[in-house]
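# An overview of the molecular structure
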Amino acid sequence: MIYKMNFDSVLKQYADVINEALNNILNEKQAEGYGKTVSSMSYSIKNGGKRIRPVLTLEFCRVCKTDFEKAIPFACAIEMIHTYSLIHDDLPCMDDDDMRRGLPANHIKFGETIALLAGDALQTLAFETLFKAELEPAAICRAGEVLARAAGISGMVAGQEMDLENEDNQINPEQLQQTDLLKTGRLIECACALGCIAAFANADAEKAASDYAKNLGLAFQIVDDILDVEGNSELLGKPTGSDGENLKSTYVSIFGIKKAKEMAAEHTKRAINALAVFGSEANFLRELAENLYLRER
Ligand code: GRG
């Protein structure tokens, strides 16, 4: 496939752009001197993850025929929300994980109080950053609303509550899918939507982005469940087997590994098919979906 040729270099280019922008924002805040909380925010932002969500924002902006640089503030905002969610998710009152990305979780390094504040401050910094985008006010307002809805009680927070209730309980496949659409899916959907909003994309493009994102999000979560059983803890940067220990219902516990892999493949295929409207311009997004299906971390 032609689009295989420069996937890695495009991904690296985007990651470099995002890392530089995030570092600049955090360094600016650090220079203002807010003590331990800002160091704790920087720790989790800078020891970066895969940057999937901001890459989606920049690439959807480009695919919708706009300079991706316009969407950098939106891309930073979504990564800040994602990072806040991971910091809070690792806390003892939530998933209680000591390791994240191969390093001590934020609360292990900085203590629970500072970790809580760092998450809170990253959430508000996300909106501070988004509102500074050099775009039409209408686009910025819409992006702010879309991000707030995706992150909050209409999205990730609701999914997180459902996920916590899932521990020690048996839930059915519909409840599991609803949990994942909210907890994981809404931010991924939002990442794609923000790219479209920055590009003033038309309704067809927004619908395609939403269909792609929903399926990508489900495939992503199913692969996450599979990696928790068969993944390599060193590559993942955290121990495996936590879903089983917490007696959580997952795609693997409900359907078994073989069926879960088939389901992840099916959602990846649907995500790729949703991109038809963009033609070959969306080849990077097709490759990204395939890579996330095959990922080991
Ligand atoms: C605390 C409100 C609140 C929500 C937390 C994101 C989340 C909700 C929980 C994290 C636990 C988890 C396994 C969520 C599923 C989504 C997921 C696989 C997140 C990890 O995303 P990656 O792989 O992370 O993109 P990196 O480290 O690459 O940034």
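Quick note: structure is the one above.
Residues numbered from 1 in each chain as written. Predicted model: local features only at pLDDT ≥ 70, side-chain atom pairs only at ≥ 80, totals over all residues. Heavy atoms only, no water.

## Structural notes on the overall build of the chain
Heads up, the rule is: For helices the rule is a DSSP run of H or I covering at least 4 residues; for strands it is a run of E covering at least 2, with both sets numbered from the N terminus onward. With a 1.4 Å probe rolled over the protein chains alone, any residue whose accessible area is under 20% of its type maximum counts as buried; one over 50% counts as exposed, and the rest are partly exposed. A contact between two residues is defined here by any heavy atoms of the two lying within 4.5 Å. Only four residue types enter the tally: Lys and Arg on the positive side, Asp and Glu on the negative side, with His and both chain ends excluded. By convention, the point assigned to a charge is CZ for Arg, NZ for Lys, CD for Glu and CG for Asp.
Secondary structure assignment for the chain yields 15 helices and 2 strands. Residue burial in the chain is summarised as follows: out of 297 residues, 54% are buried. The long-range share in the chain, meaning contacts at least 24 apart out of those at least 6 apart in sequence, stands at 73%. With 31 positive and 45 negative side-chain charges, the chain shows a spacing of 4 Å between the two charge centroids.

## A short note on the site of the ligand
Counted only if it meets this: Put simply, a residue is near a molecule or strand once any heavy atom of it comes within 4 Å of that molecule or strand. Pairs of N or O atoms within 3.5 Å make up the polar contacts considered here, provided that, within protein, one atom can donate a hydrogen while the other can accept it, and that residues adjacent in sequence are counted only when both atoms are side-chain atoms. Computed with a 1.4 Å probe, the accessible areas rest on the Shrake-Rupley method; for each residue, only the protein chains presented here act as cover. Nonpolar residues are Ala, Val, Leu, Ile, Met, Phe, Trp, Tyr, Cys and Pro. Charged residues are Asp, Glu, Lys and Arg, and all others, Gly as well, are polar.
Taken together, 18 residues lie near the ligand, and K50, R53, H82, R101 and Q221 sit nearest. Here an oxygen atom of the ligand and a side-chain polar atom of K50 are 2.5 Å apart. Here an oxygen atom of the ligand sits 2.7 Å away from a polar atom, N or O, in the side chain of H82. Contact with the protein chains removes 91% of the 710 Å² of surface that the ligand exposes when unbound. Elements supplying a minimum of two residues to the shell around the ligand: α4 (72–90), α8 (156–166), α9 (173–198) and α10 (203–230). Here the shell around the ligand gets 6 residues from one element, more than from any other, and that element is α4. Per-class residue counts for the shell around the ligand are 5 nonpolar, 7 polar and 6 charged.

## Points about the environment of V38
Mapped onto the fold, V38 is located in helix α2 (residues 35–46). For V38, a relative accessible area of 3% puts it in the buried group. Separated by 79 residues in the primary sequence, V38 and L117 have C-alpha atoms spaced 9.2 Å apart. Ignoring any residue separated from it by four or fewer positions in sequence, one finds V38 in contact with L26, K29 and Q30.

## A short note on the packing of α8 against α9
Counted only if it meets this: Only the stretch in contact is used when fitting a helix axis, every axis being a line fitted to C-alpha atoms; angles between N-to-C directions are given from 0 to 180 degrees. Here is the rule for angles: anything less than 35 degrees is roughly parallel, anything more than 145 is roughly antiparallel, 65 through 115 is roughly perpendicular, and the remaining ranges are oblique. Helix crossings get a hand from a simple test, with the near helix turned counterclockwise from the far one by less than a right angle marking a left-handed crossing and a clockwise turn marking a right-handed one.
Running from amino to carboxyl end, α8 crosses α9 at an angle of 140 degrees, the nearest separation of the two axes being 8 Å. One finds that α8 runs oblique with respect to α9. Where α8 crosses over α9, the two elements pack in a sense that is left-handed. Counted together, M156, A158, G159, Q160, M162, D163 and N166 of α8 and Q175, L176, Q178, T179, L182, K183, R186 and L187 of α9 form the full contact between these two elements. In terms of residue class, the contact of α8 with α9 is made up of 6 nonpolar, 6 polar and 3 charged.

## As for unusual backbone geometry
Excluding glycine, a negative phi dihedral is what most residues carry, and trans is how most peptide bonds are arranged. The phi dihedral of R101 is positive, around 50 degrees, even though this residue is not glycine. Positionally, R101 belongs in the loop between β1 (99–100) and β2 (103–104). Overall, R101 belongs to the partly exposed group, its relative accessible area being 23%. Phi at F200 takes a positive value of approximately 50 degrees, unusual for a residue other than glycine. Mapped onto the secondary structure, F200 falls in the loop between α9 and α10. Exposure remark for F200: the relative accessible area of 51% places this residue in the exposed category.

On their own, these measurements won't tell you what the molecule is for.
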